[in-house]
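Residues per chain are reported as follows:
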Amino acid sequence: IGFLDGVWGRLNAEVGRGLRENGIKGIKVEFSRWTGKRSDYQADQMASYAAELVKRRVALILAFSTKAAVAAKTVTDTTPIIFLADDPVATGLVDSLNRPGGNLTGAASPVSGLIAKRLEIIRELVPATNSFVLVTDPTNKPVHDIEIREAEAAAKALGLQLSIIAWTGEHDFEIELAALPRDRKAALVFGAGLPFFAGHAYLDYLAARDGIPAIHGFREAAEDGALASFGTRFVDGGHLMGVYAARVLKGDKPADLPVRQITTTELVINLWAAKSRGIQIPPTLLARADEVIE
């Protein structure tokens, strides 16, 4: 099995569980030559990694992000691809959720509603905030467009100022932060995408250093010291990828396996991070959290 962009440790474990539960053991894993450098985020580089896996004649490719799935699709229409992706219909990965067609299927992470919810949460965490900055990946255009529309509507409804930073992971985020007006009490809201997962520690370090509250879309960010995260429970997607991989290895075709939406969300709050930054978490928000890290 080829792992493309397989940097998600917890997801990898869930893939293994899904395989084992369905009778597949003793799998040889071929990892793409992922370096963690910003150049890895570029479409041509990701496609190069996917092509390497195809050249190694893997039985199937597991693509752990929208970018990875798109890259894999560009280099093969025969090797089965099981993905975890944002809105795979809008991004052109499959024809429809029920009838994906072609050589791809997997788990879909819905995008709608997440940015608005993150904004509500960060507003509760920092009531004095009068503006927020949406950080979104423009290379994932359908998701990027949805996130901007939601941010604009939410900002208007709450009477907040909105700024947008388009960040692909290919340049220093410090430059973007330095350009933010210092006369406003801003908060950062990160969108969906591989750059924000792979770079969450770097991004949160810069935000904390400059005293800017931030909320992420991946629980790993809160686990690693960020103030809070709200987003899809991606481990459910990892398990489904393992289950589907087992079915494909046993003879099922990706075109016959409907894309499953992962709709469970989770709110994680890092109480230690809040205390260290002088932020008092409202008891009502703590009660709603799926996990509180102390």
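Everything below is about the structure shown above.
Residues numbered from 1 in each chain as written. Predicted model: local features only at pLDDT ≥ 70, side-chain atom pairs only at ≥ 80, totals over all residues. Heavy atoms only, no water.

Chemist: Help me out: how do you make sense of the environment of L162 in this one?
Modeler: Tracing the sequence through the fold places L162 in strand β7 (residues 161-166). L162 gets classed as partly exposed once you look at its relative accessible area, which sits at 27%. Once the C-alpha coordinates of L162 and A85 are considered, the two residues, 77 residues apart in sequence, prove to be 27 Å apart. Here L162 is in contact with F132, L134, A151, E152 and A155, once residues within four sequence places are set aside. (Helix = DSSP H or I, 4+ residues; strand = E, 2+ residues; numbered from the N terminus. Buried < 20%, exposed > 50% of the residue type's maximum accessible area, 1.4 Å probe, protein only. Contact = heavy atoms within 4.5 Å.)

Chemist: Would you mind showing me how to read the sheet that holds strand β11 (residues 260-261) here?
Modeler: Backbone-to-backbone hydrogen bonds pair the strands of a sheet. The strands run either parallel or antiparallel. Judged by pairing direction, the sheet is parallel, and its six strands sit side by side in the order β2-β1-β3-β4-β5-β11 without closing on themselves. Each edge of the open sheet is held by one strand with a lone partner, namely β2 (30-31) and β11. One ladder, built from three bridges, connects strand β1 (residues 2-4) with strand β3 (residues 61-63); its direction is parallel. Each bridged residue has a counterpart across the sheet, and for L4 the counterpart in β3 is A63. (Pairing = 2+ DSSP bridges.)

Chemist: Just to check I follow, could you spell out a nonpolar patch on the surface for this structure?
Modeler: A contiguous nonpolar surface patch, about 290 Å² in accessible area, is contributed by I27, V29, F31 and L249. Position of L249 relative to the elements: it lies in helix α10 (residues 234-249). For L249, a relative accessible area of 32% gives the class partly exposed. (Patch = residues over 30% accessible without salt bridge, like charges linked within 9 Å, V, L, I, M, F, W, Y side chains within 5 Å. Areas by Shrake-Rupley, 256 points an atom, 1.4 Å probe, with all protein chains shown as cover. Salt bridge = Lys/Arg side-chain N within 4 Å of Asp/Glu carboxyl O.)

Chemist: Looking at this structure, I do not really get empty space enclosed by the protein. What am I missing?
Modeler: Picture a little ball the size of a water molecule; that probe, rolled over the atoms, points out where space is still empty. Applying the stated criterion across every chain, the model contains three cavities of 30 Å³ or more. Lining the largest cavity are 26 residues, and of these D86, A192, G193, F218 and F234 lie nearest its centre. Among the elements of the structure, α3 (66-75), β4 (81-86), α4 (114-125) and β10 (228-232) are those that each provide at least two residues to the lining of the largest cavity. Of the residues contributing to the lining of the largest cavity, the split by class is twelve nonpolar, nine polar and five charged. Counted as a void, the second largest cavity has a volume near 70 Å³. Forming the walls of the second largest cavity are twelve residues, and the residues nearest its centre are R219, E220, F234, V235 and E266. Every element with two or more residues in the lining of the second largest cavity is listed here: α1 (9-21), α9 (219-223) and α10. (1 Å grid on protein atoms, 1.4 Å probe; cavity = no way out; pocket = protein on both sides within 12 Å on 5 of 7 lines; lining within 4 Å. Points joined across faces, edges and corners; volume = space filled by probe spheres on them. Nonpolar A, V, L, I, M, F, W, Y, C, P; charged D, E, K, R; others polar.)

Chemist: Please clarify how the sheet that holds β7 should be interpreted in this entry.
Modeler: In space, the seven strands of this open sheet follow the order β7-β6-β8-β9-β10-β12-β13, with mixed pairing throughout. The outermost strands of the open sheet, each flanked by one partner alone, are β7 and β13 (291-293). Between one strand and the next, the sheet's axes are offset by a mean angle of 20 degrees, whatever the strand orientation. Across three bridges, the pairing between strand β12 (residues 265-270) and β13 is parallel. In the strand pairing of β13, N270 is matched with I293. Sheet contacts for helix α8 (residues 200-209): β8 (186-190) and β9 (214-216); angle to β9, the most-contacted strand, approximately 165 degrees. (Axes fitted to C-alpha atoms, helices over the stretch in contact; angles between N-to-C directions.)

Chemist: Explain unusual backbone geometry to me, please; I cannot follow it from the model alone.
Modeler: With the exception of glycine, the majority of residues adopt a negative phi angle, and the majority of peptide bonds are in the trans configuration. Look at R57: it is not a glycine, yet its phi comes out positive at around 60 degrees. Secondary-structure assignment places R57 in the loop between α2 (43-55) and β3. Taking relative accessible area as the criterion, R57 reaches 76% and is therefore assigned exposed. A positive phi angle, close to 45 degrees, is found at D87, a residue other than glycine. Structurally, D87 is set in the loop between β4 and β5 (104-109). Here D87 falls in the partly exposed class, since its relative accessible area comes to 26%.

Chemist: What's the story with helix α5 (residues 141-158) in this structure? I'm lost.
Modeler: Residues three or four positions apart in an α-helix share a direction because the helix packs 3.6 residues into each turn. The terminal C-alpha atoms of α5 lie 26 Å apart, and with 18 residues this matches the ideal 26 Å at 1.5 Å per residue to within 8%. Buried within α5 we find V143, H144, I146, E147, I148, E150, A151, A154 and A155. The inward-facing, buried residues of α5 abut β4, α4, β6 (131-136) and β7. Among the residues trailing α5, G159 stands out with phi positive, at a value near 70 degrees. (Expected span 1.5 Å × (residues − 1).)

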